[in-house]
Amino acid sequence: MYSTSSSEDTGSPISWYCYQPIVDYIDAQFEAYLQEELKVKRSLFSYHDTRIHACLYFISPTGHSLKTLDLLTMKSLDSKVNIIPIISKADSILKTELQKFKNKLMSELVSNDVQIYQFPTDDETVSQVNTVMNGHLPFAVVGSTEEVKIGNKMVKARQYPWGIVQVENENHCDFVKLREMLICTNMEDLREQTHARHYERYRRCRLEEMGFRDIGPENKPVSLQEAYEAKRHEFYLELQRKEEEMRQHFVQRVKEKETVLKEAEQEIQSKFDRLMLMHQEEKLKLEKKKKALEDDMAMFNKKKANAELLQAQAFVSTPVVSLKRDKDRKKLLRGELDKIGCKITPSAEYDLMHISVSEHIDVSSLSTKK
């Protein structure tokens, strides 16, 4: 059994997500049962059936009409589960207004083609009871987890300043009617409706999606083996088609990639050629500078060698010139001394030998009178 309640209608596409999880959950239970049923060795008798047999849809006691979200939700669920509409918090609305609200809700459900669960009346044993209970739809219930002492016994009830609302009192709400209809009277019918109507619809749609048909293109009966072979051939052709599409797509992608790589290669090659040209130009410039520098160095070395040679020659010729000058000077001095009649002493002779050209000689110190 599954229960859901109405919520605020926002009027936006987000409301679709409010009931879709419920639809998905119900389909998941059908799918699990179908997979067990399609097994080669199945055990449906011992299988734990988790299919949803009833959906209690709680409606807010507004006293007006159904919200758009309520109609959309029930319309999405009526082909998948047995919907039983219930008015919640029935103690918040007057009895006279409650009956009008019930009639309005049933009228809106019929006008919007929402298929709710109707208690079966074809069985004579329950026909009369179910006919009466169908007239009470949707059930108005009150819930409570608290117990209140009334007389000598404790009962589930809601206590207010103005009185007590008993959950299991049929004069206060329809909880007892709902419980009797679901658990005692119509439980097997709910399960039969789920299996024969909702599950069979889901099973038929799923098998058709898988490619299985009862009749072929020529309206002839088709066996399961033939349907399987036809589906297998169809699947093989579809696989080949997809494989060819993937191959073409792969070839196209490879060509596009090759084009991109060639363009990149050409760009890199042009850049490399440009860099090589720049490198050659720089190399030529450096070689010219190197040659000019080498010429300068050779010229410098040549000038240096010439300067060193001149310096060496000057150093070698200087003592000879000085010695000749000393001799001439000595002759001159001797002549001067002879003129004045002076004689050179041995010590003065020694001093005269060490006289340089630039020195001033005191003649009187070098000679003695005759």
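Residues numbered from 1 in each chain as written. Predicted model: local features only at pLDDT ≥ 70, side-chain atom pairs only at ≥ 80, totals over all residues. Heavy atoms only, no water.

1. With respect to the environment of Lys-156
As for its placement among the helices and strands, Lys-156 is situated in strand E6 (residues 153–160). The class of Lys-156 is partly exposed, set by a relative accessible area of 33%. Expressed as a C-alpha distance, the spacing of Lys-156 and Ser-144, which sit 12 residues apart in the sequence, is 6.2 Å. Apart from the residues lying within four places of it in its own chain, the contact partners of Lys-156 are Ser-144, Thr-145, Glu-146, Glu-147, Val-165, Gln-166, Val-167 and Glu-168. A distance of 3.5 Å separates a polar atom in the side chain of Lys-156 from the backbone oxygen of Thr-145. (Helix = DSSP H or I, 4+ residues; strand = E, 2+ residues; numbered from the N terminus. Buried < 20%, exposed > 50% of the residue type's maximum accessible area, 1.4 Å probe, protein only. Contact = heavy atoms within 4.5 Å. Polar contact = N/O pair within 3.5 Å; in protein donor to acceptor, adjacent residues only side chain to side chain.)

2. So, the confidence of the model for the chain
With 80% of its residues at a pLDDT of 70 or more, the chain shows a mean pLDDT of 81. Confidence drops under a pLDDT of 50 for residues 7–11, and excluding neighbours within four residues, the segment shows 8 contacts in the predicted structure. Within the model, the stretch residues 356–361 combines pLDDT values under 50 with 11 contacts to residues more than four positions away or in other chains. (pLDDT = per-residue confidence, 0-100.)

3. Describing unusual backbone geometry
Each neighbour pair has its own omega, and for Leu-137 with Pro-138 the value is -10 degrees, a cis peptide bond. Inspection of the secondary structure assignment puts Pro-138 in the loop between helix H4 (124–134) and strand E4 (139–140). Unusually for a residue other than glycine, Lys-89 sits at a positive phi of about 50 degrees. Considering the arrangement of structural elements, one finds Lys-89 in the loop between strand E3 (83–87) and helix H3 (95–111). The phi torsion at Asp-113 lies on the positive side, around 60 degrees, for a residue other than glycine. As for its position among the elements, Asp-113 is in the loop between H3 and H4. With relative accessibility at 44%, the residue Asp-113 sits in the partly exposed group.

4. Focus: the pairing of strand E5 (residues 147–150)
The side chains of a regular strand alternate, residue by residue, between the two faces of the sheet. As defined by bridge partners, E5 adjoins E6 across 4 bridges and the pair is classed as antiparallel. Counted as the bridge partner of Lys-149 is Met-154 from E6. (Pairing = 2+ DSSP bridges.)

5. Regarding the packing of aromatic side chains
Across all of its chains, the model carries 7 aromatic pairs by this definition. With 6.1 Å between their ring centres and 40 degrees between their planes, Phe-119 and Phe-139 make a pair best called tilted. Here the residue Phe-119 occupies a position in the loop between H3 and H4, and Phe-139 occupies one in strand E4, the gap between them amounting to 20 residues. Exposure class is identical for Phe-119 and Phe-139. Each is buried. Here a set of aromatic residues connected by ring pairs shows up, and it is made of Phe-30, Tyr-33, Tyr-47, Tyr-199 and Tyr-202. In this arrangement the basic side chain of Arg-51 is found over the ring face of Tyr-33, its NZ or CZ atom lying 3.7 Å from the centre. (Phe/Tyr/Trp six-rings, centres within 6.5 Å; stacked < 30°, edge-to-face > 60°. Lys NZ or Arg CZ within 6 Å of the ring centre and 35° of its normal.)

6. Description of the nonpolar core
Nonpolar side chains in soluble globular proteins tend to be buried together. Counting residues in each nonpolar core, the largest one holds 48 residues, and the members touching the most others are Leu-77, Ile-84, Leu-109 and Phe-139. For this core, the secondary-structure elements that each account for two or more residues are helix H1 (16–37), strand E2 (55–59), helix H2 (68–77), E3, H3, E4, helix H5 (175–185) and helix H6 (187–209). Apart from the residues within four sequence positions on either side, Leu-77 is in contact with Ile-22, Val-23, Ile-26, Cys-55 and Ile-83. (Core = buried A, V, L, I, M, F, W, Y, C linked by side-chain atoms within 4.5 Å.)

7. Some remarks on the pattern of salt bridges
Taken as a whole and assessed by the stated rule, the structure comprises 17 salt bridges. Note that Asp-174 is salt-bridged to Lys-177, the shortest N-O span being 3.6 Å. Like Asp-174, the residue Lys-177 is buried in the burial classification. Counted as one network, the salt bridges with shared partners bring together Lys-102, Glu-170, Asp-174 and Lys-177. (Salt bridge = Lys/Arg side-chain N within 4 Å of Asp/Glu carboxyl O.)

8. Digging into the pairing of E2
Burial runs high along E2: 4 of the 5 residues are buried. Bridging between E2 and E3 involves 5 bridges; their strand directions are parallel. Note on E3: the bridge partner recorded for Phe-58 is Ile-86. Considered for its hand, the β-α-β crossover made up of E2, H2 and E3 is right-handed. (Right-handed = clockwise from strand over helix to strand, strands pointing away.)

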